[in-house]
Amino acid sequence: MTKLTPCVTIIENKYAIRQEIAKCLLHAGYETVSGTRQQIENLVRQGLAPKPDLVFVNSDLWRDPVVSSNVERNFIGVPIRPYAVQICRNGMMVRHDEILNTANSVTQSGDKI
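Conventions used here
- Residues numbered from 1 in each chain as written.
- Predicted model: local features only at pLDDT ≥ 70, side-chain atom pairs only at ≥ 80, totals over all residues.
- Heavy atoms only, no water.
- Helix = DSSP H or I, 4+ residues; strand = E, 2+ residues; numbered from the N terminus.
- Buried < 20%, exposed > 50% of the residue type's maximum accessible area, 1.4 Å probe, protein only.
- Contact = heavy atoms within 4.5 Å.
- Areas by Shrake-Rupley, 256 points an atom, 1.4 Å probe, with all protein chains shown as cover.
- Core = buried A, V, L, I, M, F, W, Y, C linked by side-chain atoms within 4.5 Å.
- Pairing = 2+ DSSP bridges.
- Right-handed = clockwise from strand over helix to strand, strands pointing away.
- Phe/Tyr/Trp six-rings, centres within 6.5 Å; stacked < 30°, edge-to-face > 60°.
- pLDDT = per-residue confidence, 0-100.

Participant: What should I look at first to understand the overall build of the chain in this one?
Facilitator: Counting its regular elements, the chain contains four helices and six strands. In the chain, the succession of α and β elements from N to C terminus is β-α-β-α-β-α-α-β-β-β. Out of the 113 residues belonging to the chain, those deemed buried represent 38%. If you take every contact in the chain between residues at least 6 apart in sequence, the share linking residues at least 24 apart comes to 63%. Just so you have it, the chain exposes about 6,900 Å², and 52% of that area is on carbon and sulfur atoms.

Listed below in structure tokens is the structure:
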């Protein structure tokens, strides 16, 4: 069966940030799968995680070489985009300008999370 809706996997330890990113992506027409690194790895290991079109991973997690190599191994050929965000008191998501440059990052200007 052909996948009609693009899918994004979100790897983030903070629930509020995962929910905010997922809400933005759903509004833009994407299917999302989100969880902590361990939750996503369990889904991949069990064969339950859909093959995403893009992976968002928190830049703090991405800086850990063990985490980044596991993410790259689990999502071979999928663009991975490290990001840094925080949730402000009013509930709005703020995107920092800290998008790490990696060989397989998406680098289109004007992208929104």
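Participant: How do you make sense of the nonpolar core when you look at a structure like this?
Facilitator: Nonpolar side chains in soluble globular proteins tend to end up buried together. Core analysis: the biggest nonpolar cluster contains 13 residues, and Ile11, Val55, Val57, Val71, Phe75 and Ile80 have the highest contact counts within it. When contributions to this core are tallied by element, the ones reaching two or more residues are strand S1 (7-11), strand S3 (54-58), helix H3 (59-62) and helix H4 (65-74). Ile10, Ala22, Leu54 and Phe56 belong to the second-largest nonpolar core, a separate cluster that totals 10 residues.

Participant: Quick question: what am I supposed to make of the pairing of strand S4 (residues 80-83) here?
Facilitator: Burial along S4 is two-sided: the face carrying Ile80 and Pro82 and the face carrying Arg81 and Tyr83 are both buried. As defined by bridge partners, S3 adjoins S4 across four bridges and the pair is classed as parallel. Residue Phe56 lies in a different strand from S4, and its bridge partner there is Arg81.

Participant: What exactly am I supposed to notice about the pairing of S1 here?
Facilitator: Sheet faces and side chains relate simply in a regular strand, where the side chains alternate between the two faces. Extensive coverage of S1 is indicated by the burial of five of its five residues. What you see with S1 is no split at all: Cys7, Thr9 and Ile11 on one side and Val8 and Ile10 on the other are buried throughout. Bridge count for S1 against strand S2 (residues 31-35) is five bridges, and the pairing is parallel. Residue pairing across strands places Thr9 opposite Val33, the latter belonging to S2. Traced from S1 through helix H1 (residues 15-27) to S2, the parallel crossover comes out right-handed. In this sheet, S3 lies alongside S1 in parallel orientation, the contact comprising four bridges. The residue of S3 that forms the bridge with Ile10 is Phe56.

Participant: Could you clarify how one ought to interpret the packing of aromatic side chains in this entry?
Facilitator: Between two aromatic rings, the relevant description is the distance of the centres plus the angle of the planes. For the coordinates displayed, the defined rule picks out one aromatic pair. Relative to Tyr83, the ring of Phe56 lies with its centre 5.9 Å away and its plane at 85°, an arrangement referred to as edge-to-face. With Phe56 in strand S3 and Tyr83 in strand S4, the pair connects residues that are 27 residues apart, well separated along the chain. With a relative accessible area of 3%, Phe56 lands in the buried category. Residue Tyr83 is classed as buried on the basis of its relative accessible area, which comes to 0%.

Participant: What is the right way to read the confidence of the model for the chain from this model?
Facilitator: It should be kept in mind that the predicted coordinates are not to be read in detail where pLDDT is low. In this model, the chain carries a mean pLDDT of 76, and residues with pLDDT of at least 70 account for 73%. Between residues 97-113, whose pLDDT stays under 50, and residues either more than four places distant or in other chains, the model counts 36 contacts.

Participant: Looking at this structure, I do not really get the environment of Val33. What am I missing?
Facilitator: Within the secondary structure layout, Val33 lies in strand S2. By relative accessible area, Val33 is classed as buried at 15%. Along the sequence, Val33 and Ile10 sit 23 residues apart, while their C-alpha atoms lie 6.2 Å from each other.

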